[in-house]
Amino acid sequence: MSQSGPLTDDGLVQLLTPTGDRTPHPELDALVAHLDADALRAMYRDMVLVRRFDTEATSLQRQGELALFAQSLGQEAAQVGSAHAMTPRDHVFPSYREHGVAHVRGVDLAEVLRLFRGVDHGGWDPVAHGFHLYTLVIGSHTLHATGYAMGLQRDGLVGTGDAERDAAVVVYFGDGATSQGDVNEALVFAAVNNAPVVFFCQNNQWAISEPTTKQTRVPLADRGPGFGVPSVRVDGNDVVATYAVTQQALERARSGGGPTFVEAFTYRMGAHTTSDDPTRYRSSAEEEHWRRRDPIDRLRLHLEQRGELPETFVAQVADEADALGERIRTEVRAMGRPSAASMFEHVYATPHAVVDAERAWFEQYEASFADGAHGQREGSHR
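First, a word on what this report is: a plain description of the structure on this page. Bear in mind that the values here come from a model prediction, so they are computed numbers and not experimental data. (Residues numbered from 1 in each chain as written. Predicted model: local features only at pLDDT ≥ 70, side-chain atom pairs only at ≥ 80, totals over all residues. Heavy atoms only, no water.)

A word on the packing of aromatic side chains
Part 1 of the argument: One pass over the structure, following the stated rule, counts 18 aromatic pairs.
Part 2 of the argument: Both rings, one in Tyr44 and one in Phe313, keep their centres 6.2 Å apart while their planes meet at 45°; by these two values the pair is tilted. Separated by 269 residues along the polypeptide, Tyr44 in helix α2 (residues 37-62) and Phe313 in helix α13 (residues 311-334) bring together distant segments of the chain.
Part 3 of the argument: The exposure class assigned to Tyr44 is buried, which follows from its relative accessible area of 7%.
Part 4 of the argument: Under the relative-accessibility criterion, Phe313 is labelled buried at 16%.
Part 5 of the argument: Through pairs of rings, three or more aromatic residues link up here, namely Phe53, Phe69, Phe116, Trp124, Phe131 and Tyr134.
Part 6 of the argument: Note that Arg41 overlies the ring of Phe313, its terminal NZ or CZ placed 5.9 Å from the centroid.
Part 7 of the argument: Seen from the ring of Phe265, Arg233 lies directly overhead, with NZ or CZ sitting 5.3 Å from the centre. (Phe/Tyr/Trp six-rings, centres within 6.5 Å; stacked < 30°, edge-to-face > 60°. Helix = DSSP H or I, 4+ residues; strand = E, 2+ residues; numbered from the N terminus. Buried < 20%, exposed > 50% of the residue type's maximum accessible area, 1.4 Å probe, protein only. Lys NZ or Arg CZ within 6 Å of the ring centre and 35° of its normal.)

Set out below in C-alpha cells:
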C-alpha cells in the first residue's frame, strides 16, 4: 500500500498503536490524562453497541425491511472518540453515517432507521440532542454548520470564558465531500468570520468508489491552511487520539480561536451503502490490512494490557448488544407506513400558503379515484 501523498502516515497523531500500546504525546497527553478505566470502558461499550446496530441494520436492509443503509463499520473510533469530547452545548451537523455520534448524543438508534425505512426525514429532535438531522446532499451541511456557528458568535456564546456558556459546532463529512464546492465555500466563510466550527473529515479512503489518491495529491488536511484554517491529521482508528484532537479543536473554537480542520484517517470496512459492491474496486488484501487495525480491537487490547477489561464487563456489553439488536429488529418491523399526504408536513417551520394549496390539491386528487378509498387503503395508517 502506498505511504506517500494522501495516504502517508507522516504527521498522523496516534496515542494507541494497533496492538493497543500507549504512545506518549507532549502536547496531547494532558488532554487525555483524565480518561480513567471507566471512561475508556464507556468508549469501548459505545463502539461495540454501534457496531451491533450497524450489523443489524445491514441485515434488515438485506431482508427488505430498509430501503437503504449506510454503514459506519470501521469508523467507530473516529465517531465515538470525537463525540465524547463534546459538551451538551455543542451542536453537530452529520452527514448520513454518523451513527456513533448519534448514539453518544443520546439519539435512539432505532429512530435513525426511520429515514432509511422511508418513514420520515429523521426521527429525533435536533435541539434536544444537539444533533441535526442527517444530510444526504454531499457537503451541503458544512455551510449550514458554519452559519450556525456564526449564529453562536452573534448570540454571545463564544469566547466569554464561561465554560457553562461557550459552545461550538462540529460538522462531519467524508473525503469525497472535500471535492464539493460547498465544503470549500464553508471553509472560506468559517475562516474569514473566525467561526467556532470543527470540520471533521472522516477520510475512509474511498468516497463512493473513487480512491482518495484520485481526489488529491496531498493529505486532505493540507487543504485547511490554504483557507487559513489550522489542520491536524489523526489516526481515525485510535479512539483516544481522536478524542484528544477533537477536544483541542473544540477548546479553540469555544474560546474564540476559530475553526479547525480535522482529518481522521480511517477505513470504510463495509460498503458505501447497501447498494454498493466494494469488491468491484478494492482488493481483499487491502481489506484484510485494515481489519488488523480494527478500532474496537485496538481499545480492547489496550484495556486488557492494563488489566482493566474484566470478563464480566465484556459479557455485560455483549448481552446489551444482543438486546439492542433484538429491539432494533422489533421496532423497525413495527414501523407503519406514513400517509402519502405526510410529504407536505415539516416542509417549512411555519404554515405556508403554497404548501397548503398543494396539500389540498393532492388530497382532492386521492379522493377522486373511482373506489373512493384509495388514499385510506394505501396510506392513511402509520
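So that's the structure; there's more coming.
Notes on the sheet that holds strand β4 (residues 197-203)
Part 1 of the argument: Spatial ordering of the open sheet is given by β1-β5-β6-β4-β3-β2, a layout of six strands whose pairing is parallel. The open sheet has two edge strands, β1 (12-13) and β2 (91-93), and neither has a second partner.
Part 2 of the argument: Here β2 runs beside strand β3 (residues 169-174); their pairing, made up of three bridges, is parallel. The residue bridging Val92 from the neighbouring strand is Val170, located in β3.
Part 3 of the argument: Along the sheet face, helix α8 (residues 181-192) touches β3, β4 and β6 (260-265) and points at about 150° away from the line of β4. (Pairing = 2+ DSSP bridges. Contact = heavy atoms within 4.5 Å. Axes fitted to C-alpha atoms, helices over the stretch in contact; angles between N-to-C directions.)

Details of the pairing of β4
Part 1 of the argument: With seven of seven residues buried, β4 lies mostly within the body of the structure.
Part 2 of the argument: Of the two faces of β4, both are covered, the one formed by Val197, Phe199, Cys201 and Asn203 as well as the one formed by Val198, Phe200 and Gln202.
Part 3 of the argument: As defined by bridge partners, β3 adjoins β4 across six bridges and the pair is classed as parallel. Note on β4: the bridge partner recorded for Phe173 is Cys201.
Part 4 of the argument: With respect to chirality, the unit in which β3 leads through α8 into the neighbouring parallel β4 is right-handed. (Right-handed = clockwise from strand over helix to strand, strands pointing away.)

Thoughts on the side chain of Asp276
Part 1 of the argument: With respect to the secondary-structure elements, Asp276 resides in the loop between β6 and α11 (284-291).
Part 2 of the argument: A polar atom in the side chain of Asp276 sits 2.6 Å from the side chain of Tyr281.
Part 3 of the argument: Sequence-distant contacts of Asp276, that is, excluding residues within four places in its chain, are made with Ile208, Arg268, Ala271 and Tyr281. (Polar contact = N/O pair within 3.5 Å; in protein donor to acceptor, adjacent residues only side chain to side chain.)

Here we look at the packing of helix α5 (residues 109-117) against α13
Part 1 of the argument: As a packed pair, α5 and α13 sit with axes 10 Å apart at the nearest point and diverge in direction by 40°. Between α5 and α13, the angle falls in the class oblique. The hand of the α5/α13 crossing is right-handed. Contact residues: α5 offers Leu109, Ala110, Leu113 and Arg117, while α13 offers Leu324, Arg327, Ile328, Glu331, Val332 and Arg333.
Part 2 of the argument: Counted by class, the contact of α5 with α13 contains six nonpolar, no polar and four charged residues. (Parallel < 35°, antiparallel > 145°, perpendicular 65-115°, else oblique. Left-handed = near helix turned anticlockwise from the far one by under 90°. Nonpolar A, V, L, I, M, F, W, Y, C, P; charged D, E, K, R; others polar.)

Brief notes about the environment of Gln14
Part 1 of the argument: With respect to the helices and strands, Gln14 occurs in the loop between β1 and α1 (29-32).
Part 2 of the argument: Expressed as a C-alpha distance, the spacing of Gln14 and Ala357, which sit 343 residues apart in the sequence, is 57 Å.

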